[in-house]
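Here is what each chain is made of, one letter per residue.
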Amino acid sequence: MSRCLNCNYKLVLLERRHKFKCPKCSSLFTEEEIKLEEFCKRNKKIRNEEKEEIEKELQKIIRVENKKLTEEEMYERKIAIQGIWREKHREAYNKYKREYWAKHRERLLARRRENYAMKKGKILE
């Protein structure tokens, strides 16, 4: 069941208007707004779970080796574990990257143009 984005109360579907209404605060929401918010919450939850899983794996490895690691070694190991996860879940990772690109295309292209212009300026100088 969908919840209000303002007060977290259960929403009611208004079929004729194709919108959701909150009985408590009388806010109206489109179906797209609700789906986007639910997707963002779900995605954030999944990312946090994956980060926790990576941290647990890293801690297991450290306990097995029974030695203190520097921050740099911890970072390198974390990156390695993330790489292993990406390889295991390649399709999901590629799907996420495609969705991200579609959503942020203009900003990413502007950044690419900016980086290219900076490199080109350095080469010419």
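By convention here, each chain's residues receive numbers from 1 onward along its written sequence. Note on the predicted model: pLDDT of at least 70 is required for a residue's local features to be given, and 80 or more for side-chain atom pairs to be given and counted; whole-chain, interface and lining totals, by contrast, use all residues. Working from all heavy atoms in the structure, the side-chain values ignore hydrogens and water.

Visitor: Looking at this model, I keep getting lost on the state of the cysteines. Mind explaining?
Guide: The bond known as a disulfide is covalent and runs between the sulfur atoms of two cysteines. By convention in this document, the label disulfide applies to cysteine sulfur atom pairs within 2.5 Å. Counted according to the given criterion, the structure contains zero disulfides. Free of any disulfide, Cys-4 has its nearest neighbouring cysteine sulfur in Cys-25, separated by 3.6 Å. Using a 1.4 Å probe on the protein chains alone, a residue whose accessible area is under 20% of its type maximum counts as buried, one over 50% counts as exposed, and one in between counts as partly exposed. Taking the relative accessible area as the measure of exposure, Cys-4 reaches 3% and is therefore buried. With no disulfide partner, Cys-40 has as its closest neighbouring cysteine sulfur the one in Cys-4, 16 Å distant. For Cys-40, a relative accessible area of 36% puts it in the partly exposed group.

Visitor: I tried to follow the packing of aromatic side chains on my own but got confused; where do I start?
Guide: Two descriptors summarise a pair of aromatic rings, namely the distance from one centre to the other and the angle between the planes of the rings. Note on ring pairs: Phe, Tyr and Trp rings are taken, using the six-membered ring of Trp, and paired if centres are within 6.5 Å. Classes follow the plane angle, with under 30 degrees stacked, over 60 edge-to-face and the rest tilted. Evaluated as defined, the whole model comprises one aromatic pair. Geometrically, the ring pair formed by Tyr-96 and Tyr-100 is tilted, given 6.3 Å between the ring centres and 35° between the ring planes. Within this pair, Tyr-96 and its partner Tyr-100 are both found in helix H3 (residues 90–103), separated by four residues, close to a single helical turn. Look at Tyr-96 and you get partly exposed, because its relative accessible area is 36%. The exposure class of Tyr-100 is partly exposed, given its relative accessible area of 33%. The criterion for a charge sitting over a ring is simple: Lys NZ or Arg CZ within 6 Å of the ring centre, and within 35 degrees of the ring normal. Between Arg-86 and the ring centre of Tyr-93, over which it is positioned, the NZ or CZ distance is 5.5 Å. Only DSSP runs of H or I covering at least 4 residues are called helices, and only runs of E covering at least 2 are called strands; the numbering of each starts at the N terminus.

Visitor: Looking at this structure, I do not really get the sheet that holds strand S1 (residues 12–14). What am I missing?
Guide: Consider a sheet: its strands pair through backbone hydrogen bonds, and that pairing is either parallel or antiparallel. At least two DSSP bridges between two strands are needed for those strands to be called paired. With antiparallel pairing, the three strands of this open sheet are ordered in space as S1-S2-S3. A strand with exactly one partner marks an edge of an open sheet, and here the two such strands are S1 and strand S3 (28–30). Across this sheet, the average inter-strand angle for adjacent strands is 35°, counted without regard to direction. Across three bridges, the pairing between strand S2 (residues 19–21) and S3 is antiparallel. Within the sheet, the bridge partner assigned to Lys-21 lies in S3 and is Leu-28. Axis definition: a line fit to C-alpha positions, over the contact stretch in the case of helices; interaxial angles, taken between N-to-C directions, run 0 to 180 degrees.

Visitor: Even after reading the chapter, I still don't get the side chain of Ser-27, so can you show me in this structure?
Guide: If you trace the backbone, Ser-27 turns up in the loop between S2 and S3. Nitrogen and oxygen atoms within 3.5 Å of one another constitute a polar contact, given that in protein one can donate a hydrogen and the other can accept it, and given that sequence-neighbouring residues count only through two side-chain atoms. A distance of 2.9 Å separates a polar atom in the side chain of Ser-27 from a polar atom in the side chain of Asn-6. The contact criterion used throughout is that any non-hydrogen atoms of two residues lie within 4.5 Å. Beyond its immediate sequence surroundings of up to four residues, Ser-27 is in contact with Asn-6, Phe-20, Lys-21 and Cys-22.

Visitor: Honestly, a negative patch on the surface in this entry has me stumped. Any pointers?
Guide: Within the patch definition used here, like charges are joined within 9 Å and nonpolar side chains (Val, Leu, Ile, Met, Phe, Trp, Tyr) within 5 Å, considering only residues with over 30% relative accessible area and no salt bridge. Methods summary: accessible areas were calculated by the Shrake-Rupley approach with a probe of 1.4 Å, and residue burial reflects only the protein chains presented. Think of a salt bridge as a Lys or Arg side-chain nitrogen and an Asp or Glu carboxyl oxygen that are within 4 Å of each other. The charge count includes Lys and Arg as positive and Asp and Glu as negative, but it does not include His or the ends of the chains. Where a charge lies is defined by one atom per residue type, namely NZ (Lys), CZ (Arg), CG (Asp) and CD (Glu). Side chains of Glu-49, Glu-52, Glu-53 and Glu-57 sit close together on the surface and give a patch of like negative charge. Position of Glu-53 among the secondary structure elements: in helix H1 (residues 31–65). A relative accessible area of 43% places Glu-53 in the partly exposed class.

Read these as layout, nothing more, since geometry by itself doesn't imply function.
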